[in-house]
Amino acid sequence: MQKVLVAGGAGFIGSHLCESLLQKGHTVYCLDNICTGNPKNLEELQKNPSFHFIEGDVTQPVKLPQSLHIDAIFHLASPASPNKNSSRSYMNLPLETMLANSEGTYRLLELTKAHSARMLYASSSEVYGDPLLSPQKETYWGNVNPNGPRSVYDEAKRFGEAISMLYVRKFSVDVRVARIFNTYGPRMHPDDGRVVSNFINQALRNEKITIYGDGNQTRSFCFVTDMVNALESLLFLDNLSGKVVNLGNPDERKISELATMIKEMTGSSSEITYSELPQDDPKNRKPDISLAKELLSWEPTVDLEHGLKQTIEFFKN
Ligand code: NAD
Ligand code: UDP
C-alpha cells in the first residue's frame, strides 16, 4: 500500500479518486485550497483514518509532516470550467489557473524528485484547442489560440506538459501525463458552469436549458468512475514514465442531443434556448483512445444514459 498525495482532492474528479484510493487501502494526503472544490466532498473522506486533508496551495511550498515519505502524486489542482458566468471558472480565476499549472506543477515535480516518487499530471483535451482533426490522437499538436480567453487554461496545460517532460528527460523523474476529456458525474459543482451540471440543474428547476451556439458542436462525455480507473492505472502501472495518454469516452454527441436527452430523462418542461457561442469554443472533441487501450488495458464501461441517470439522481438529492 502506498502513501499518495492528491493535489486537488477536494474537487470533482479528485474526491472520487481519493475515495477509490482509500477503498484500495492506500493512505491519502489531499492538498487543496478549495478555490473551486467543495468542502462537502471531504465530509465522508474525513471519516477514514487513512485520509489526511492539508489545506494549502500548490503554488506555495507544500507543508507535509516531516517524516512522511510520499510514493505517488496526482496533480489535479486547477480550475477547470471555461464558463465566464461562473465565479469558479478559469475565465474568472485566470492567474490562479496559469500559476497552478506552471508554478504548481514545478513545485510538485520537485517534490516528486525529492521523494523519488512518481507523478501523474492532469492535462486536458484543451491542449488540442479547436481541433482540425477528429478523433484527436496524442500525436496531434493541436490548434490553440495562444492569447485568447481560453489560453489561460490551454497554454497553462501545455506548459504543464512541457515541464513534466523536461523532468522526465533531464532528471529521470517518473511522470505520466493524462489528457483528460470531458468528464461528468456526481459531485460536479452545481455552480461551475460546465454543460452537464448546467443542463441537469436547469432541467430539474424547469428553467431554460441554455445551449451556447447552434448546439451542433460536439463533446464526448466520460463518466467519473471510468476516469478514476484510468487515472489509477496510468499512475500505478510500471514502465509508463514519459507517456502522454488520452483518457475519455469516444462516444461523441452534439450538445443539442445532450440537452434533449437531459430534458427527457428529467421529465422537465424546460424550454431549450440558444445564445451566442463563446469565443474559441471547440467545434468538436472526440478522443482516440487506442493508446490507453494498449498501455492500460482500459476503456470506458459506463454509457451516457447510465452515467446521466446517476448524475441526475445526485443533483435531485
Ligand atoms: P474541480 O474544480 O472540481 O477540482 C479542482 C480542485 O483543485 C479543486 O478542489 C480546487 O479547489 C483545487 N485547486 C485549484 N487550484 C489549486 C491550487 N492552486 N492549490 C491547491 N488546490 C487547488 O475540477 P475537476 O473537474 O475535478 O478537474 C480536476 C483536474 O482535471 C483539473 O486539473 C482539470 O484541469 C483536469 N481536467 C478535468 C476535466 C473535466 O472534464 N472534469 C477535463 C480535462 C481536464
Ligand atoms: N455549453 C452550453 N451551455 C452551457 C454550458 C456549456 O451549450 O450552459 C456548451 C459549451 O459552449 C461547449 C460545450 O457545451 O460547447 C461543453 O462546455 P463545457 O463548459 O462543459 O466544457 P468544454 O468542453 O468547453 O471545456
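Residues numbered from 1 in each chain as written. Chains lettered and ligands numbered in written order. Predicted model: local features only at pLDDT ≥ 70, side-chain atom pairs only at ≥ 80, totals over all residues. Heavy atoms only, no water.

Visitor: Tell me about the site of ligand 2, and please be specific about residues and values.
Guide: Taken together, the neighbourhood of ligand 2 is formed by 18 residues, with T210, Y212, R219, D281 and R285 sitting nearest. Between R150 and ligand 2, the recorded distance is 3.0 Å, taken from a side-chain N or O atom to an oxygen atom. Between ligand 2 and the protein, one listed contact pairs an oxygen atom with a side-chain N or O atom of N198 at 2.9 Å. Coverage of ligand 2 by the protein amounts to 95% of the 520 Å² it exposes when considered alone. (Near = heavy atom within 4 Å. Polar contact = N/O pair within 3.5 Å; in protein donor to acceptor, adjacent residues only side chain to side chain. Areas by Shrake-Rupley, 256 points an atom, 1.4 Å probe, with all protein chains shown as cover.)

Visitor: Give a detailed account of the packing of helix α8 (residues 255–266) against helix α10 (residues 304–316), specifying residues and quantitative values.
Guide: The contact between α8 and α10 brings their axes to 11 Å, and the two run at 55 degrees. Here α10 runs oblique to α8, going by the angle between their axes. Of the two elements, α8 crosses α10, and the hand of that crossing is right-handed. Contacts from L258, M261, I262, M265 and T266 of α8 reach α10 at L304, E305, L308, K309 and I312. In terms of residue class, the contact of α8 with α10 is built from seven nonpolar, one polar and two charged. (Axes fitted to C-alpha atoms, helices over the stretch in contact; angles between N-to-C directions. Helix = DSSP H or I, 4+ residues; strand = E, 2+ residues; numbered from the N terminus. Parallel < 35°, antiparallel > 145°, perpendicular 65-115°, else oblique. Left-handed = near helix turned anticlockwise from the far one by under 90°. Contact = heavy atoms within 4.5 Å. Nonpolar A, V, L, I, M, F, W, Y, C, P; charged D, E, K, R; others polar.)

Visitor: Outline helix α7 (residues 224–236), supporting the account with residue identities and numerical values.
Guide: In a regular helix each residue adds 1.5 Å, so 13 residues correspond to 18 Å; α7 covers 18 Å between its end C-alpha atoms and thus fits that length. For α7, the full list of buried residues reads V224, D226, M227, V228, A230, L231, E232, L234 and L235. (Expected span 1.5 Å × (residues − 1). Buried < 20%, exposed > 50% of the residue type's maximum accessible area, 1.4 Å probe, protein only.)

Visitor: Account for the packing of aromatic side chains, naming residues and giving values.
Guide: One pass over the structure, following the stated rule, counts eight aromatic pairs. Ring geometry for Y128 and F181: centres 6.1 Å apart, planes at 40 degrees, overall tilted. Placement of Y128 in the loop between β5 (118–124) and α5 (151–171) and of F181 in the loop between β6 (174–180) and β7 (183–184) is noted, with a sequence separation of 53 residues between them. An identical accessibility class is assigned to Y128 and F181; each is buried. Between Y184 and F221, the aromatic rings sit 6.3 Å apart at their centres with planes inclined by 90 degrees, giving edge-to-face as the arrangement. Placement of Y184 in strand β7 and of F221 in the loop between β9 (218–220) and β10 (222–223) is noted, with a sequence separation of 37 residues between them. When its relative accessible area of 1% is taken as the criterion, Y184 is described as buried. The class for F221 is buried, based on a relative accessible area of 4%. An aromatic cluster of three or more residues is present, and its members are Y128, Y140 and F181. A cation over an aromatic ring shows up here: K113 above the ring of F171, its NZ or CZ 4.6 Å from the ring centre. (Phe/Tyr/Trp six-rings, centres within 6.5 Å; stacked < 30°, edge-to-face > 60°. Lys NZ or Arg CZ within 6 Å of the ring centre and 35° of its normal.)

Visitor: Explain the packing of helix α3 (residues 94–101) against α5 to me, and be specific about the residues and the numbers.
Guide: Two elements in contact, α3 and α5, have axes whose closest approach is 8 Å; the angle formed by their N-to-C orientations is 10 degrees. Relative to α5, the element α3 lies roughly parallel. Contact with α3, carried on its side by P94, T97, M98 and N101, involves V152, Y153, A156, K157, F159 and G160 of α5 and no other residues of that element. Looking at the contact of α3 with α5 residue by residue, the class counts come to six nonpolar, three polar and one charged.

Visitor: I'd like to hear about α8, residue by residue, with values.
Guide: Between the first and last C-alpha of α8 there are 17 Å, a value that for 12 residues agrees with the 16 Å anticipated at 1.5 Å per step. Along α8, the residues classified as buried are I255, S256, L258, A259, M261, I262 and T266. The inward-facing, buried residues of α8 abut α6 (195–204), β8 (209–212), β9, β12 (252–254), β13 (272–275) and α10.

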